[in-house]
Amino acid sequence: MLGLEVGANDAIIRQFGTLGLEAFLLAFAGTLGSVVFAGLLWLTVRDKPVSK
Amino acid sequence: MKGSLIILSFFAIGLLLGISRFFPVEVLNYNISFYVLCGLMFSVGISIGNDPSSFRQFRNLNPRLIFLPLMTILGTWLGVLAVSFFLKNRTMADCLAVGSGFGYYSLSSILITQCKGVELGTIALLSNIMREVMTLLFAPWMVRYFGKLAPICAGGATTMDTTFPIIIRTSGKDYAIVSIYQGFIMDFTVPFLVTFFCSL
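Residues numbered from 1 in each chain as written. Chains lettered and ligands numbered in written order. Predicted model: local features only at pLDDT ≥ 70, side-chain atom pairs only at ≥ 80, totals over all residues. Heavy atoms only, no water.

Q: Help me understand the overall build of chain B in this model?
A: Within chain B one finds 10 helices and zero strands. Secondary structure elements of chain B occur, N-terminal to C-terminal, as α-α-α-α-α-α-α-α-α-α. Of the contacts formed within chain B by residues at least 6 apart in sequence, a portion of 71% connects residues at least 24 apart. Surface accessibility of chain B: about 9600 Å² in total, with carbon and sulfur atoms responsible for 70%. (Helix = DSSP H or I, 4+ residues; strand = E, 2+ residues; numbered from the N terminus. Contact = heavy atoms within 4.5 Å. Areas by Shrake-Rupley, 256 points an atom, 1.4 Å probe, with all protein chains shown as cover.)

Set out below in structure tokens:
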């Protein structure tokens, strides 16, 4: 349905490349941010067992 | 990966049908997305509620690992907020709504399309699929440089299903329960956070 809606909307089709780039930047930054925060938590638990 | 490609293929087919005007545009006025969303929310509820044994296993987790979903959320928000300064057409709330999909592209794209329109819905779909693909491709690299929790945080809401196998392979079997815990909590939070940021 989303594909149909996007395809029928000429304005969105014209800027599809820009939308893709924005999507990539958000995906990359979000993933990198969460990986860095995971690294911080890892520093505090790496020598401890996962569960009791 | 296969699941993402199938979803992308359906998106591409819909796109081509829309461009060619093969389907009358009036079809879109029936609000089919809303009914699909209702079905999706129903299945999310079932998947969260059908395994009470998971709750008991979560209680045995190292107490610090309880904060893993929180680290995923905070890290993601910080990342997308940084990017939002460079995206002139998007508000911070738009970027946070897209980021709060945490890889759950089906649910977040439908929710965002309903609230914010098809343009941001498209960004949400593509962005969350990209997050899943990045996790699948770069999990070994993440473990090497950021530790065994990194692919779990990167996987976001997908760590109970599509990215689970790669997490087990790269972080080790010990982290299976952590991965399930993370997926469980994130699956639950995505609809609330996405709806919240859409309402701002």
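Q: I would appreciate a short explanation of the nonpolar core in the present structure.
A: Considering soluble globular proteins, one finds that nonpolar side chains tend to be buried as a cluster. Membership of the largest hydrophobic core comes to 33 residues, with the highest contact counts inside it found for Leu26 of chain A together with Val98, Phe102, Ile112, Ile123 and Val190 of chain B. Every element with two or more residues in this core is listed here: helix H3 (16–45) of chain A together with helix H1 (2–19), helix H4 (68–84), helix H5 (92–99), helix H6 (105–116), helix H7 (118–146) and helix H10 (176–199) of chain B. Each residue touching Ile112 of chain B, except ones within four places of it in the same chain, is listed here: Ala97, Val98, Gly117, Leu120, Gly121, Ala124, Val194 and Cys198 of chain B. Counting 27 residues, the second-largest nonpolar core is a separate cluster that includes Met71, Met142, Cys153 and Tyr181 of chain B. (Core = buried A, V, L, I, M, F, W, Y, C linked by side-chain atoms within 4.5 Å. Buried < 20%, exposed > 50% of the residue type's maximum accessible area, 1.4 Å probe, protein only.)

Q: It is not clear to me how the interface of chain A and chain B should be interpreted in this structure. Could you clarify?
A: It is common to report an interface's size as the accessible area lost on association of the parts. Facing the 43 residues of chain A at the interface are 59 residues of chain B. Taken together, the connections running from chain A to chain B amount to one salt bridge. With a closest N to O distance of 2.5 Å, Arg90 of chain B and Glu22 of chain A form a salt bridge. Across the chain A-chain B interface, the total number found is five residue pairs in polar contact (both at pLDDT 80 or more). Among the elements that line the side of chain A that touches chain B, the one with the most residues is H3 of chain A, at 25 residues. Taken together, the residues that form the side of chain A that touches chain B break down as 26 nonpolar, 12 polar and five charged. (Salt bridge = Lys/Arg side-chain N within 4 Å of Asp/Glu carboxyl O. Polar contact = N/O pair within 3.5 Å; in protein donor to acceptor, adjacent residues only side chain to side chain. Nonpolar A, V, L, I, M, F, W, Y, C, P; charged D, E, K, R; others polar.)

Q: For this particular structure, what's the right way to read the confidence of the model for chain B?
A: Low-confidence regions, as indicated by low pLDDT, have predicted coordinates that should not be scrutinised in detail. All names here are of chain B. Averaged over every residue, the pLDDT of chain B is 85; residues scoring 70 or more account for 86%. Confidence, read as mean pLDDT per element, is least for helix H3 (residues 52–58) in chain B (69) and greatest for H4 (96). With pTM at 0.81, the complex prediction returns an ipTM value of 0.84. (pLDDT = per-residue confidence, 0-100.)

Q: Even after reading the chapter, I still don't get unusual backbone geometry, so can you show me in this structure?
A: One can expect most non-glycine residues to show negative phi and most peptide bonds to be in trans. A positive phi is found at Phe102 of chain B, a non-glycine position, where the angle reads about 50°. On the basis of relative accessible area, Phe102 of chain B is assigned to the buried category, the value being 0%.

Q: Would you mind going over empty space enclosed by the protein with me for this structure?
A: It is the rolling of a water-molecule-sized probe over the atoms that shows where space remains empty. All told, the structure shown has three cavities of 30 Å³ or more when counted by the stated rule. Approximately 50 Å³ is the volume found for the largest cavity. Broken down by secondary-structure element, the contributors of at least two residues to the lining of the largest cavity are H3 of chain A together with H4, H5 and H7 of chain B. Sort the elements by how many residues they give to the lining of the largest cavity and H3 of chain A lands first, with four residues. Across the lining of the largest cavity, the residue classes tally to four nonpolar, six polar and one charged. (1 Å grid on protein atoms, 1.4 Å probe; cavity = no way out; pocket = protein on both sides within 12 Å on 5 of 7 lines; lining within 4 Å. Points joined across faces, edges and corners; volume = space filled by probe spheres on them.)

Q: Is there a simple way to explain H4 of chain B in this structure?
A: Since there are 3.6 residues in each turn of an α-helix, residues three or four apart along the chain are aligned in direction. Along its 17 residues, H4 of chain B runs 24 Å from first to last C-alpha, staying within 8% of the 24 Å computed at 1.5 Å per residue. Buried residues belonging to H4 of chain B abut H3 of chain A together with H5, H7, helix H8 (150–155) and H10 of chain B. (Expected span 1.5 Å × (residues − 1).)

Q: Can you help me understand the packing of H6 of chain B against H7 of chain B in this one?
A: Helix-helix packing: each pair is described by the crossing angle between the helix axes and the interaxial distance. Residue and element names in this part refer to chain B. Interhelical geometry of H6 versus H7 gives an angle of 165° and a closest axis separation of 7 Å. With respect to H7, the element H6 is oriented roughly antiparallel. In this structure, H6 meets H7 at a crossing whose hand is right-handed. Of the residues in H7, those touching H6 at Tyr105, Ser108, Ser109, Ile112, Thr113 and Lys116 are Val118, Leu120, Gly121, Ala124, Leu125, Asn128, Ile129 and Glu132. Residue composition of the contact of H6 with H7, by class: seven nonpolar, five polar and two charged. (Axes fitted to C-alpha atoms, helices over the stretch in contact; angles between N-to-C directions. Parallel < 35°, antiparallel > 145°, perpendicular 65-115°, else oblique. Left-handed = near helix turned anticlockwise from the far one by under 90°.)

Q: Help me understand the state of the cysteines in this model?
A: A covalent bond between the sulfur atoms of two cysteines is what we call a disulfide. Under the criterion given, the structure shown has zero disulfides over all chains. Cys95 of chain B forms no disulfide, and the closest cysteine sulfur to it belongs to Cys198 of chain B, at a distance of 12 Å. (Disulfide = S-S within 2.5 Å.)

Q: What exactly am I supposed to notice about the pattern of salt bridges here?
A: Where side chains of opposite charge bring their charged atoms close, a pairing between them can arise. Residues and elements named next belong to chain B. Inspection of every chain in the model, using the stated rule, returns three salt bridges over all chains. Linking Lys116 and Asp94 is a salt bridge whose minimum nitrogen-to-oxygen distance equals 3.3 Å. Placement of Lys116 in helix H6 and of Asp94 in helix H5 is noted, with a sequence separation of 22 residues between them. Residue class for Lys116 comes out partly exposed when judged on its relative accessible area of 30%.

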